[in-house]
Each structure stands twice: as C-alpha cells, then as structure tokens.
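Analysis of the macromolecular model
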Amino acid sequence: MTNTALAAADQGFEKSVDRLFDFVRIQSISTDVAYKDECEKAARWLVVELTGLGFSAEVRPTPGIPMVVAHYTPKSVSAKTPHLLFYGHYDVQPVDPVELWHTPPFEPTRRKDKDGVERMYGRGTADDKGQLMTFVEAARAWISATGGLPIKATFLIEGEEESGSPSLVPFLEANKAELSWDAAFVCDTNMWDPKTPAITTRLRGLVHEEITITGPRIDLHSGLYGGAAMNPIRVLTKILASLHDKNGKITIPGFYDGVKPLPSATKKQWRSLKFSDKKFMGEVGLAVPAGEKGKTVLEHVWARPTAEVNGVWGGYTGVGAKTVLPSKAHAKLTFRLVGRQDPQKILKAFQKFAKDLIPKDCKLEFSGKGGGTPASEISEDNAFIKKTSAALKSEFKREAVLIGSGGSIPIVRSFKDILGMDSVLVGFGLNDDAIHSPNEKYNLSSFHKGIRSWVRIMGALAE
Ligand code: BES
Ligand code: MN
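Residues numbered from 1 in each chain as written. Chains lettered and ligands numbered in written order. Predicted model: local features only at pLDDT ≥ 70, side-chain atom pairs only at ≥ 80, totals over all residues. Heavy atoms only, no water.

1. Considering the domain arrangement of the chain
- Its domain assignment divides the chain into domain 1 (2-203 + 375-462) and domain 2 (205-259 + 305-373).
- Each of domain 1 and domain 2 was reduced to a C-alpha centroid, and the two centroids are 36 Å apart.
- Each partner contributes to the interface: domain 1 provides eight residues, whereas domain 2 provides eight residues.
- Where domain 1 abuts domain 2, roughly 580 Å² becomes buried across the two surfaces, and 44% of that area is made up of carbon and sulfur atoms.
- For the pair domain 1 and domain 2, the interface holds zero salt bridges.
- Linking domain 1 with domain 2 are two residue pairs in polar contact (both at pLDDT 80 or more), by the criterion used here.
- Considered class by class, the residues forming the side of domain 1 that touches domain 2 number three nonpolar, three polar and two charged. (Domains from an automatic or database assignment. Contact = heavy atoms within 4.5 Å. Buried area = accessible area lost by both parts, 1.4 Å probe. Salt bridge = Lys/Arg side-chain N within 4 Å of Asp/Glu carboxyl O. Polar contact = N/O pair within 3.5 Å; in protein donor to acceptor, adjacent residues only side chain to side chain. Nonpolar A, V, L, I, M, F, W, Y, C, P; charged D, E, K, R; others polar.)

Structure follows, in structure tokens:
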C-alpha cells in the first residue's frame, strides 16, 4: 500500500507545490496584530484543504489567534490501529528588512539556482508552511491512492508559534481528551544535510525580556548637562556588557541552576556526526565561536543556555549628529534555556542583576510579557522513534541521525507535561533555509522527500 501512496505523491507533486504557493500567499504574521485577519484566513484555508481530504476540520477560536484541529478516522480500523497527532504552525515571522528580499516575500517563486538546486522562495516556504504541508500532502497521497489513511490521525495546526504560543497551554488543558493520543509528530525542524535525515531529540527553551532605563526627565543638551546628568545608555550598556565574562560564561547569579553536564554517550554520538565548526561559522562570515571556552560549537547551540541582546535603542539615531543626552534607553533580550532551567527564575535573576547595576536616580522598567518555555529533551528509546527512523532510512537510503537543535518549539514540552505524550520531531529544513531572514526558501527536494517520508512513516506506524 505504501508504494501506491508514494506513486500518488510523486504524480501529484506539481499540484502540491501549487497548493503550498497558495498557502504562502497568505500573510499570516502572528507577531503583528495588523495581520490578524490574514492569520484567520490561513486557518480557514487549512480547514478547506483538510475537509476536502475527508477530515472533520474546524477553526477553533482562542483568546489570540485560532488553532486548526482536524480528525481523520479511516473506514477499516482495528483495535490496534494507532491514533497519532500531527503538529505544525501556519503563522510566519515578519518579513523585515523587506528591502533585502530578491522577490516579494508573499509572492512565492521557484527557480533553479546557479548551483543547479531548485528552490522555492517566500516567507513560510520552509518555516512552517512548507514543512506542515508535507503532512497534508502525504495524507492526500494515501487517501487518493488507497481510499484512506492507514492510521487514525489528528492534525493540530497552531497560529501563534512564532509569538511564543500564548494560547497553547489553556487550549491543551481544555481539549485534553480530544488531543491526547499515542504520540505527537512535529514537522518544524531540520535535516542533518540534504542527504541525511534527522530526528531532533533536544530543543532549547526560551524566555524574553524588555528593559527600559530612564535617566533625566526629558532629553537634554549634552553640553549643558553632560557630565552632571547620568546618561541611561551608559547604564544600559554597562548591564548588557556585564552579562558575559571573558570566557563566554553568563554572570547572572543562579543562571546555571538546572543545567546538567552533557552525558558522555551524547558527547560521543555528537562527535560521530563529524560537524565542522569552521564550515558552520564560515557560512555566516565568522570564524571564532563566541560561546563558553572549552565547549564545542554543537554544545554551544544544542546544550548550553544563552543570554542574547536582540535589539538596543535610545537617543538620536537619525542622519547627522545631534548633541543630545537622552532620557531613555531600551533593549530586548532573550535567554535560550536547557535542562531544567526555569524561565520564571531566569527572568527574576536577570531583573535582580539589572537592578543591582542601576544608579540611584535612574529608573528601571521591565515590559516583557512573561511566559517562556522550558527546554525539551526526548528519550531516544521509544518505539515511535524506532519506526520513524526505519521509514526515513528506506526513503533516504541512509541512517537517520539523532540531533539537537538550538531553536525552540514551545508545544513539545506542553505535549509531554499536559497531554503525557512523547513527540517525534522530524523535519526537512536545511540550515541555509534562511528561516526568519530575508529570502527564506525551501528546496523542492526537501518538500518532495518530506512528503514521501511521511507517506512511509504513516505506513510504518500502521504496522
Ligand atoms: N521552527 C523553528 C524552530 C526550529 C528551527 C527548530 C530549526 C529546529 C530547527 C520555530 O518556528 C521557531 O523559530 N521558534 C521560535 C520560538 C519562539 C518565538 C517561541 C524560536 O526558536 O525562536
Ligand atoms: Mn517553525
């Protein structure tokens, strides 16, 4: 049966690309309220697609952006047929700086680049519209070739992932019975390289903060007041510059609570991946890893926490000079978390750290929205990972490797904590997909192999 479904996937591939393009044209940016209607449009688009395939699909409201939930029960089910949850997100990141895009972000295009590789360009072609459509198109192939899916399936497609999934926890709590199944499959991660599939077993957590420091009541003449009035940018930069010591370690007291050393077996397995630090750094125009001394680059991004400044502003940044002594200085920060680091404790520790560096007559405010996601670690010896791994091997003719990822997918931890469900993370993205950047792309081979892989995985899970 799997073979006829694979043939259907191949035959329908051009149409699959067309559908992905229609989906990418919808400007579903979740982090900007101006695009709320577009997000709702993307949710409705998915419901139409899934209903057309025979799912019972609905747009499900949340206090924020809606979820899409769709169920499929095949006609001939046995008591042993597993029921699996498939998760992706239909929201995308903002497009700026838009002037750096070679083609408009919401007018998807495909082209064969100079290296002979065919790619699709547009915001969301990879993260996560292209990736989640690999599920949808694999389901379509099974249904059109054999009259149904070989498994019971629920699709949960979120519209707030790029905003930190604020509605997720209450939604999972309220719909436990409808969403708790044998395992969750998530398509939002990368392959190891174009020829080697991967299963991700670690994700970092994440927490945001935004800080504002106020010095003088108003902007001042830097000649008349300079020297006497404390400049808030001087205070802010002192805080930011104190976050790391000369060995790249984060200096916030208590920051490393809950960070465990990497097990030696994991270290050894990562060494066997033959990752090139030099190539990884070289691709982004760098050469010297900035993480903790004595740790490898893979450890830096997969197994160690970070404190990053994402933006700093204040004072005059327009054309020409202005002799101003500003009233306010601002910064946005994020912390990537590992192990058992607790997002709320990390925030508190950072806030205390900043307070301790504030002079008496400056004011400090925090305006982060709170929340945050702890890290996820998934045990490698579960039956679903084994079946998935075998299915990936039959598609790629290569063993799937187990990897970590430095990115975050908030739902994975909630699936475990709220629904008691393990996740299997398989994605077909590549490091050079430029997700969150200008000129995001997805290789046609990623999309095609992704669809074929899910066809095989669905088939393997039914056995
Ligand atoms: N798909 C990414 C995360 C990712 C990318 C994992 C590549 C593994 C490989 C996801 O959509 C993402 O970017 N998440 C945000 C989450 C945040 C806004 C809560 C992230 O990691 O910054
Ligand atoms: Mn994503």
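2. Some details on the sheet that holds strand β11 (residues 306-314)
- Sheet architecture is open: four strands sit in the order β11-β13-β9-β14, paired in antiparallel fashion. The open sheet terminates on both sides in strands that have one partner only, identified here as β11 and β14 (363-366). The sheet shows a mean angle of 20° between the axes of neighbouring strands, direction not considered.
- One ladder, built from ten bridges, connects strand β9 (residues 205-214) with strand β13 (residues 328-337); its direction is antiparallel. Among the inter-strand pairings, Glu210 is bridged to a residue of β13, identified as Lys332.
- Helix α7 (residues 232-241) contacts β9, β11 and β13 of the sheet and is inclined by roughly 15° relative to β13.
- Docked against the sheet, helix α11 (residues 343-355) engages β9, β13 and β14, running at close to 25° with respect to β9. (Pairing = 2+ DSSP bridges. Helix = DSSP H or I, 4+ residues; strand = E, 2+ residues; numbered from the N terminus. Axes fitted to C-alpha atoms, helices over the stretch in contact; angles between N-to-C directions.)

3. Some points on a positive patch on the surface
- Where like charges cluster on the molecular surface, the positive patch consists of Lys249, Lys267, Lys268, Arg271 and Lys295.
- Within the element layout of this structure, Arg271 appears in helix α8 (residues 264-271). (Patch = residues over 30% accessible without salt bridge, like charges linked within 9 Å, V, L, I, M, F, W, Y side chains within 5 Å. Areas by Shrake-Rupley, 256 points an atom, 1.4 Å probe, with all protein chains shown as cover. Lys, Arg positive; Asp, Glu negative; His and termini not counted. Charge placed at Lys NZ, Arg CZ, Asp CG, Glu CD.)

4. A look at the sheet that holds strand β5 (residues 118-121)
- Read across the open sheet, the three strands follow the order β4-β5-β18; overall the sheet is antiparallel. The sheet is open, and its two borders are formed by β4 (109-112) and β18 (441-443), each paired with just one other strand. With direction set aside, neighbouring strand axes in the sheet form an average angle of 25°.
- Two strands pair when backbone bridges link them, and β5 and β18 are joined in this way by three bridges, in the antiparallel orientation. Within the sheet, the bridge partner assigned to Arg119 lies in β18 and is Asn443.
- Set on the sheet, helix α2 (residues 13-24) makes contact with β4 and β5; between it and β4 the angle comes to about 130°.

5. Describing the layout of surface pockets
- By volume, the second largest pocket amounts to about 270 Å³.
- As for the second largest pocket, its lining consists of 15 residues, of which Ser376, Glu377, Ile378, Arg413 and Lys416 are closest to the centre.
- Of all elements in the fold, only β15 (376-377) and α13 (411-419) reach the threshold of two or more residues within the lining of the second largest pocket.
- When the residues that make up the lining of the second largest pocket are grouped by side-chain class, the tally is four nonpolar, four polar and seven charged. (1 Å grid on protein atoms, 1.4 Å probe; cavity = no way out; pocket = protein on both sides within 12 Å on 5 of 7 lines; lining within 4 Å. Points joined across faces, edges and corners; volume = space filled by probe spheres on them.)

6. Digging into the site of ligand 1
- Around ligand 1 there are 16 residues in total, and Glu161, Asp188, Arg336, Ser405 and His436 lie nearest to it.
- Between ligand 1 and Glu161 there is a distance of 2.8 Å, counted from an oxygen atom to a side-chain nitrogen or oxygen.
- Within the side chain of Glu162, a nitrogen or oxygen atom sits 3.2 Å from an oxygen atom of ligand 1.
- In isolation ligand 1 offers 520 Å² of accessible surface; the protein chains occlude 89% of this area.
- The class makeup of the residues in the shell around ligand 1 is three nonpolar, eight polar and five charged. (Near = heavy atom within 4 Å.)

7. Describing the pairing of strand β2 (residues 67-72)
- Most of β2 sits inside the fold, with five of its six residues counted as buried.
- Strand direction decides the pairing type here: strand β1 (residues 56-60) and β2, joined by five bridges, are antiparallel. By the bridge assignment, Ala57 is partnered in β2 with Ala70.
- With antiparallel pairing between neighbouring strands as the criterion, β1 and β2 make up a hairpin whose turn holds six residues.
- Pairing of β2 with strand β6 (residues 152-158), which is carried by five bridges, proceeds in the antiparallel orientation. Directly across from Val68, in β6, lies its bridge partner Ile157. (Buried < 20%, exposed > 50% of the residue type's maximum accessible area, 1.4 Å probe, protein only.)

8. Quick word on the packing of aromatic side chains
- Applying the stated rule across the entire model yields 23 aromatic pairs.
- Ring centres of Phe86 and Phe155 lie 5.5 Å apart, and the angle between their planes is 55°; on these two criteria the pair is classed as tilted. With a gap of 69 residues between them, Phe86 in strand β3 (residues 83-89) and Phe155 in strand β6 connect regions that are remote in the sequence. Considered together, Phe86 and Phe155 belong to a single accessibility category, that of buried residues.
- Geometrically, the ring pair formed by Trp192 and Phe275 is tilted, given 6.1 Å between the ring centres and 50° between the ring planes. Taken together, the residues span a long stretch of sequence, with Trp192 in the loop between β7 (183-186) and β8 (198-203) and Phe275 in the loop between α8 and α9 (277-282) at a distance of 83 residues.
- Linked through ring pairs, Phe55, Tyr72, Phe86, Phe135, Phe155, Phe185, Phe384, Phe428 and Trp454 together constitute an aromatic cluster.
- One residue, Arg111, lies across the ring of Tyr121, its end atom 4.0 Å from the ring centre.
- Its end group placed over the ring of Tyr256, Lys249 keeps NZ or CZ at 4.7 Å from the ring centre. (Phe/Tyr/Trp six-rings, centres within 6.5 Å; stacked < 30°, edge-to-face > 60°. Lys NZ or Arg CZ within 6 Å of the ring centre and 35° of its normal.)

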